[in-house]
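# Chain and residue survey
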Amino acid sequence: MKRNFLCGLIASVSMISIGAYADPVPDASSAALTSKGYVDDGLKYVYKVASGISDGAVKSLQNIVGAPANGSDPATGLVGDVEALQKTVGNETSGLVKRVTDLENSNGYTAGTGVKVTPGTGDNPSTIGLDVTTSANTTYVFKTDANGAGTWSEMEVADTWDPTFLTTP
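Now for a look at the structure at hand. (Residues numbered from 1 in each chain as written. Predicted model: local features only at pLDDT ≥ 70, side-chain atom pairs only at ≥ 80, totals over all residues. Heavy atoms only, no water.)

## What to know about the overall build of the protein
Put simply, the rule reads: Numbered from the N terminus, helices here are DSSP runs of H or I no shorter than four residues, and strands are runs of E no shorter than two. Classification of residues uses two cut-offs on accessible area relative to the type maximum, computed with a 1.4 Å probe and protein chains only: under 20% is buried, over 50% is exposed, and between them is partly exposed. All accessible areas in this document rest on Shrake-Rupley with a 1.4 Å probe, and a residue is counted as covered only by the protein chains that are shown.
A count of helices and strands for the protein gives 5 helices and 4 strands. Taking all 169 residues of the protein together, 7% fall into the buried category. When the accessible surface of the protein is totalled, it reaches about 14500 Å², and 60% of it is carbon and sulfur.

## Side note on the pairing of strand β4 (residues 150–155)
Let me state the cut-off plainly: Here a strand pair is declared whenever DSSP counts at least two bridges between the two strands.
Pairing of strand β3 (residues 139–144) with β4 involves 6 bridges; the strand directions are antiparallel. Within β4, the position partnered with T144 by the bridge is G150.

## Considerations on a nonpolar patch on the surface
Cut-off, in case you're wondering: The patches reported here contain residues having more than 30% relative accessible area and no salt bridge. Joining distances are 9 Å for like charges and 5 Å for nonpolar side chains (Val, Leu, Ile, Met, Phe, Trp, Tyr). One speaks of a salt bridge when a side-chain nitrogen belonging to Lys or Arg is within 4 Å of a carboxyl oxygen belonging to Asp or Glu.
Taken together, the side chains of Y45, V46, V49, I53 and V58 define a hydrophobic patch exposed on the protein surface, amounting to about 470 Å² of accessible area. Per-element accounting of the nonpolar patch gives the leading share, 3 residues, to helix α2 (residues 34–51). Take V46: it is sitting in helix α2. The exposure class assigned to V46 is exposed, which follows from its relative accessible area of 53%.

## Some remarks on unusual backbone geometry
Residue N137 is not a glycine yet carries a positive backbone phi of 55°. By the element assignment, N137 lies in the loop between β2 (127–130) and β3. N137 sits in the exposed class, given a relative accessible area of 84%.

Encoded structure:
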């Protein structure tokens with residue numbers, strides 16, 4: 001009995017609620033669709049802001065950003081700065097690309113006083129390091145002479161401390 005009553009109640013509620021969706025409601029206002037009001041308000045705001053921008057503000061922004069180079073006209077502003085940076089980095093004869101390539105091939109890098117260049121092989125890149133023959137547990141310092149030539153020399157490091165040095169004259 002309870003089961004029949006519950007099924008009947010559910011069926012009745014369903015039939016009543018179907019009527020609410022069956023009647024078409026004319027869309028006379030933005031209240032019919034909740035998000036429509038938000039969209040309309042947003043579009044009105046964007047239009048108001050865009051229509052308030054003066055030609056002077058647009059021209060000022062164009063001057064800051066600049067324009068790409070056309071033929072003999074050099075680019076100016078941010079566009080010109082980006083083009084100059086691209087030329088500096090990408091220049092294969094003097095730019096960053098060449099320097100990285102030279103380092104990888106060890107071309108243009110030569111060992112100097114205290115500097116050692118090890119050319120790379122296969123997938124291993126070239127390395128630049130200090131030209132020092134080391135001993136275990138030592139510290140080195142680069143000493144130069146009056147001509148600027150120098151060598152790596154082992155530096156003496158005190159590893160013991162005499163506690164009487166303050167009281168001994």
